[in-house]
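Each chain, letter by letter, is given below.
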Number of protein chains: 2
Amino acid sequence: MLGLMQTQPLLISGLLTFAECHHSDAEIISRRVEGDIHRYAYADLARRARRLANLLQNWGTEPGDRIGTLAWNGYRHMELYYAGGGSGRVTHTINPRLIPDQIAWIINHAEDQALFFDLTFLPIVQLIHDKCPTVKHWVVMIDADRMPADTGIPGLENYEELLAAQSGDYEWPELDENTACGMCYTSGTTGRPKGVLYSNRSSVLHAYGISLPDVINISSRDSILPVVPMFHVNAWGVPYAAALTGTRVVFPGPALDGKSVYELIESEGITCAAGVPTVWQMLLNHMDANKLKFSTLNRTVIGGAACPPAMIDAFEERYDVRVLHAWGMTETSPVGTLSTLKNKHLELDPEAQKKILLKQGRAVFGVDMKIVGGDGKELPHDGRTAGSLMVKGPWVIEDYFRSGDPSPLVDGWFPTGDIATIDEDGYMQITDRTKDVIKSGGEWISSIDLENIAVAHPEVAEAACIGVKHPKWDERPILVAVKKPGSDLTREELLAFYQDKVAKWQIPDDVIFVDEIPHGATGKLLKIKLRDLLKDYRLPTT
Amino acid sequence: MLGLMQTQPLLISGLLTFAECHHSDAEIISRRVEGDIHRYAYADLARRARRLANLLQNWGTEPGDRIGTLAWNGYRHMELYYAGGGSGRVTHTINPRLIPDQIAWIINHAEDQALFFDLTFLPIVQLIHDKCPTVKHWVVMIDADRMPADTGIPGLENYEELLAAQSGDYEWPELDENTACGMCYTSGTTGRPKGVLYSNRSSVLHAYGISLPDVINISSRDSILPVVPMFHVNAWGVPYAAALTGTRVVFPGPALDGKSVYELIESEGITCAAGVPTVWQMLLNHMDANKLKFSTLNRTVIGGAACPPAMIDAFEERYDVRVLHAWGMTETSPVGTLSTLKNKHLELDPEAQKKILLKQGRAVFGVDMKIVGGDGKELPHDGRTAGSLMVKGPWVIEDYFRSGDPSPLVDGWFPTGDIATIDEDGYMQITDRTKDVIKSGGEWISSIDLENIAVAHPEVAEAACIGVKHPKWDERPILVAVKKPGSDLTREELLAFYQDKVAKWQIPDDVIFVDEIPHGATGKLLKIKLRDLLKDYRLPTT
């Protein structure tokens, strides 16, 4: 028997109209490519999103059509989120840090009908515009009086002029809540990028989930700064959760250096910021160098890559900012777990609490989680046994967009490619990526553990650990490290630093100092490149 | 085009399995009819709910069948919530404070197949058991060794014995998320009670909604005490939200007096409690009389009736407990609005903040809200214009259960029967019930405003204001008041207290002191009875 409650679909247009009605004057603040700080409110966002939806309709794009973006975090990008997804189209956010050929490949695979881009990315568009036959409109998002001349792109359009010509009257359609609204390609380090197609339902449920007190804890009293890019898994869902909660949101635009981010946090009274470790490292370096403090920031969400313990210490102990360590993937919308204490942990001493908070955290309701062994059998949640992490839930992927491959699911579970433990209290800890774990003599050695020890050394700026072939042990770990400026740290000193921190057989066989470690488009260590560089490396132990 | 995310249904069994997996040892604590304090955890709840689901199945009840309860707040009642709703049956919570004939009427209208009751309610069951032909099983929820003898109820069964005989293996079915899971009849002051049939979807979405930081702000670090009964709109959804967040929950059982509630709050370290003003008044009286303080309580949710400003002051100023003023109805699951400040209000002085927090609050995402005039046209959100409050959303009623009447919705909106204003920031304030507002000379006078002024007088214990017929003005307000013990307050003194607090024409025409004001089954003032008692009352002003 069915219940007798209303059954309105969960729609992202509903988030927008809610914010427009109940939080009309809550601010949306953006550092722009134009160089200034732009301020407006949810009522303006809603008004301009309706104009934009009219534009998409009057262009003749159809429901389901993909609309591409190459853009920083800002109000225009947020307008595209809501106008695209709210009108039944799909806002396809593209990572501008990929190489132009990859970008063109992604646009063509998605069959984007239009491409909206920030002026910063004009050079990319100049390279690809004649390789993307489905794109009928190339639109620069810049004030009309700042339009560049002689771009070489025929029919290049201006965002502000297009919007000004549209009516603000638009009725958001009552879509099936499973209708697609957004799309993001994984920037896989191997193989072709694969498209993840979010639905209205998955986006709204994820917005409820990440706003919860045990997750990002987003309220209308916050000022939230998503430093994580909007082209990177929807800035972790913040643009949706902000509307759901009526939260003041501040976008950093193109300026992600430590100084700019610090100044924005201070000038806008940010209470919560979200980003990847690489960006926070730049921020912390700037603050250390200039002896700065935070006035309003009380928490940072750190995800995208495992957060080194030293970074958590810096935020918590030096700056009194709580670190919310999170885990997720493009395929999980992205938030899967986040680390906050439970009632029973409140009496523990700070060191014991820290040990818990260092883990990637507990599942949010909406995400189911298990670990399995090589045979697919479920492993115990004992905090020690590591297995392949599998997840499922209403904001987890079912299938990739036109990948040509079968669904990645195994018995309904998505294999994350991470190796993890789960403890009795449900706290998950990534020990490695399936492809990065070092298999030595039948045992697994976590490359992440060895990297964390290295960066805890005061003279190490960055470190990556990979396995190289060994005739006896199959693989052995070596460490590739960047010294801090002025340091004359030696191989022997760094290896000695591992004593008593891991078992003897887990200590790397060698250290190679380099000037720079290659990073991928989203700031992650590119171990695949390191492995390639070191494929003929002869270990001193062989 | 549909998204490519997973589409698991939102099920209350999912809440239970989530809590079992990720919060297995989080406590559920109950004061029992047996007199003791019972403690167990979510893992035990899940295990016993599976046994109970097997019982319902082995009895031959079908999916969709209603299972009645007459019970206090406690772990067994929570088991019934999950076993009934999780298995596709409908847990029908019945208000034991109704008169036995009404209870029998409700059981028969719902066609309950079984009735589970606390021993306290044996006298009711003795009166009705032979009037309820659909009920095949009458089950007392009490330890087996405490079963009463000679009840006169043939085949009376014991809950613990029944559960002990069942297997703990049970697979929760993957239901359509719109499947009914719970049912609650409105205790209408006029006409027959009407059944509201909650769905799995509405219950899960409501649980997300009320857990948000701007609503009840429920985290796994809380210890939550729902004093509001589980037979009264699912204890405002706390039993579902607690599982969603893994929160320690404490049930007060039958002991709702000030002393018992206070002792439970202190002994269990309660951080958040939820209940109606009548219960809080008993608690405050007990604390005042004994000069007590709270050690851990930081907030109370007050709803079910407008909270008198004096009560908010008492909690906030005397006891440093934040009051979350809320509004809702059986038909809205129930939470519709809740009062918390926005970012822009943080700089206001405490008096200005208090003025905002006195309102019933802002809509939670999932509830749409508007006010309309007598012509059905939408009225402005200016904080002054009052109109009939209309709501809609995925946890708002679509229709009553087999009422025989058409759906109550008007153009998709549910008319709440409340008169309210909504301000520019979306804060709603109930000014009266549609049926209680006093229509004097074409103007509306809020009976609630006049009552709040009366109870703010230090010598008034309780007050009710109703309109009585007036030959010239149509209706005029009179105040019915209960003096505090020992007071010799006069009619004239109380009327003088209204000077400068309302317009002259809004001051009551008369005061009648009584020893007691009649209350309904849920603690609300029974104005219908007052009107009946005073229908021939001759105003001194006519």
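Residue positions are given per chain, counting from 1 as you read along its sequence in written order. Whichever chain is written first becomes A and whichever ligand is written first becomes 1, with later ones labelled in order. It should be noted that, the model being predicted, local features are given only for residues of pLDDT at least 70 and side-chain atom pairs only at 80 or more, the latter also being counted only at that level, while totals for whole chains, interfaces and linings use all residues. Water and hydrogen atoms play no part in the side-chain values, which are based on all heavy atoms of the structure.

A. Geometry of the overall build of chain A. By the criteria applied, helices consist of DSSP H or I runs no shorter than four residues and strands consist of E runs no shorter than two, each listed in order from the N terminus. Tallying secondary structure elements over chain A gives 15 helices and 25 strands in all. Radius of gyration: over C-alpha atoms. The globule rule applied is 2.2 Å multiplied by the number of residues raised to the 0.38 power. Relative to the compact-globule value of 24 Å for 542 residues, chain A shows a C-alpha radius of gyration of 24 Å, a close match. Over its C-alpha atoms, taken along the principal directions, chain A stretches across nearly 70 × 65 × 50 Å. The buried share of chain A, reckoned over its 542 residues, is 61%. Within chain A, contacts between residues at least 6 apart in sequence are counted, and of these 66% link residues at least 24 apart. Here chain A displays about 20100 Å² of accessible surface, and carbon together with sulfur accounts for 50% of that area. On chain A, the mean spot of the 53 positive side-chain charges and the mean spot of the 71 negative ones are 3 Å from each other. Burial classes follow relative accessibility: with a 1.4 Å probe on protein chains only, a residue under 20% of its type's maximum area counts as buried, one over 50% as exposed, and anything between as partly exposed. Any pair of residues with heavy atoms lying within 4.5 Å of one another is described as a contacting pair. Here the Shrake-Rupley method, with its probe set to 1.4 Å, supplies the accessible areas, and only the displayed protein chains count as covering residues. For this count, His and the chain ends are skipped, Lys and Arg are scored as positive, and Asp and Glu as negative. Taken as the charge centre is NZ of Lys, CZ of Arg, CG of Asp or CD of Glu, depending on the residue.

B. The arrangement of the side chain of Asp399(A) in detail. Position of Asp399(A) relative to the elements: it lies in the loop between β18 (387-392) and β19 (414-422). Among buried charged residues, Asp399(A) stands out as having no salt bridge; its nearest opposite-charge side chain is Lys194(A), 8.8 Å away. Those residues within four positions of Asp399(A) in sequence are excluded, and the remaining contacts are Asp405(A), Pro406(A), Ser407(A), Pro408(A) and Leu4(B). A carboxyl oxygen of Asp or Glu within 4 Å of a side-chain nitrogen of Lys or Arg is what we treat as a salt bridge.

C. Summary view of the relation of the copies chain B and chain A. Overlaying chain B on chain A yields an RMSD of 0.1 Å, the required transformation being a rotation through 180° with an accompanying axial translation of 0.0 Å. Taken together, these values place the two copies in the relation of a two-fold axis. Looking at chain B, 100% of its interface residues are interface residues in chain A too, so the copies touch through the same face. For this overlay, a least-squares fit was computed on C-alpha atoms, restricted to residues scoring pLDDT of at least 70 in both copies.

D. Local environment of the packing of helix α7 (residues 200-211) of chain B against helix α8 (residues 238-245) of chain B. All names here are of chain B. Their axes nearest at 8 Å, the elements α7 and α8 cross at an angle of 75°. Classified by the angle between their axes, α7 and α8 sit roughly perpendicular to one another. Two secondary-structure elements touch here, α7 through Ser203, Val204, Ala207, Tyr208, Ile210 and Ser211 and α8 through Val238, Tyr240, Ala241, Leu244 and Thr245. Residues that form the contact of α7 with α8 fall into these classes: 8 nonpolar, 3 polar and no charged. Note on method: axes are straight lines fitted to C-alpha atoms, helices fitted across the in-contact stretch only, with angles between N-to-C directions ranging 0 to 180 degrees. By definition in this entry, angles of less than 35 degrees are roughly parallel, angles greater than 145 are roughly antiparallel, angles of 65 to 115 are roughly perpendicular, and the rest are oblique. Three residue categories are used. Nonpolar comprises Ala, Val, Leu, Ile, Met, Phe, Trp, Tyr, Cys and Pro, charged comprises Asp, Glu, Lys and Arg, and polar comprises the others, including Gly.

E. A look at the pattern of salt bridges. The final tally for this structure, using the stated rule, is 73 salt bridges over all chains. Between Arg531(B) and Asp436(B) there is a salt bridge, with the nearest N and O atoms lying 2.5 Å from each other. Here Asp436(B) lies in the loop between β20 (428-433) and β21 (438-440) and Arg531(B) lies in helix α15 (residues 527-533), a separation of 95 residues in the sequence. Among the ionic contacts, a cluster of salt bridges with common partners joins Arg32(A), Glu34(A), Asp36(A), Arg48(A), Arg76(A), Glu79(A), Asp143(A) and Glu160(A).

F. Highlighting the packing of helix α1 (residues 12-22) of chain B against helix α2 (residues 42-58) of chain B. All names here are of chain B. Across the interface, α1 lies against α2 with an axial gap of 8 Å and an inter-helix angle of 135°. Accordingly, the angle class assigned to the pair α1 and α2 is oblique. Crossing geometry of α1 relative to α2 is assigned as left-handed. Mapping the contact onto sequence places Leu16, Ala19 and Glu20 in α1 and Tyr42, Ala43, Leu45, Ala46, Ala49 and Arg50 in α2. A breakdown of the residues in the contact of α1 with α2 according to their chemical character gives 7 nonpolar, no polar and 2 charged. For any helix crossing, the convention is left-handed if the near helix is rotated counterclockwise from the far helix by under a right angle, and right-handed if that rotation is clockwise.

G. Looking closely at the interface of chain B and chain A. Counting residues at the interface gives 83 residues for chain B and 83 residues for chain A. A 1.4 Å probe defines the accessible area here, and the buried area is the portion of it lost by two parts on being joined, summed over both. Between chain B and chain A the total buried area reaches about 6200 Å² when both faces are included, carbon and sulfur atoms providing 57% of it. Taken together, the links from chain B to chain A amount to 6 salt bridges. For the salt bridge of Arg221(B) with Asp214(A), the shortest nitrogen-to-oxygen distance reads 2.8 Å. Polar contacts here mean pairs of N or O atoms no more than 3.5 Å apart (in protein, one a potential hydrogen donor and the other a potential acceptor; neighbouring residues in sequence count only if both atoms are side-chain atoms). The interface formed by chain B and chain A holds 44 residue pairs in polar contact (both at pLDDT 80 or more) in total. Mapped by element, the contributors of at least two residues to the side of chain B that touches chain A are α1, β9 (194-199), α7, α8, β16 (362-363) and β18 (387-392) of chain B. If one sorts the elements of the side of chain B that touches chain A by residue count, α7(B) sits on top with 7 residues. Looking at the side of chain B that touches chain A residue by residue, the class counts come to 37 nonpolar, 28 polar and 18 charged.

H. Layout of the packing of aromatic side chains. Two rings belonging to Phe, Tyr or Trp (six-membered ring only in the last case) form a pair when the distance between their centres is within 6.5 Å. Interplanar angles under 30 degrees mark stacking, angles over 60 mark edge-to-face geometry, and anything in between is tilted. What the rule picks out here adds up to 25 aromatic pairs over all chains. Ring geometry for Phe365(A) against Phe18(B): centres 5.4 Å apart, planes inclined by 85°, an arrangement best described as edge-to-face. In this pair, Phe365(A) is assigned in the loop between β16 (362-363) and β17 (368-372) and Phe18(B) in helix α1, connecting two distinct chains. Ring-pair connections join several aromatic residues into one group, and the members of that group are Phe18(A), Tyr208(A), Phe365(A), Phe18(B), Tyr208(B) and Phe365(B). Lying over the aromatic face of Phe497(A), Lys501(A) brings its terminal NZ or CZ to 3.6 Å of the ring centre. A ring is considered to have a charge above it if a Lys NZ or an Arg CZ atom is located within 6 Å of its centre and within 35 degrees of its normal. One Lys or Arg, Lys483(B), reaches over the ring of Phe513(B) and ends 4.4 Å from the middle of that ring.

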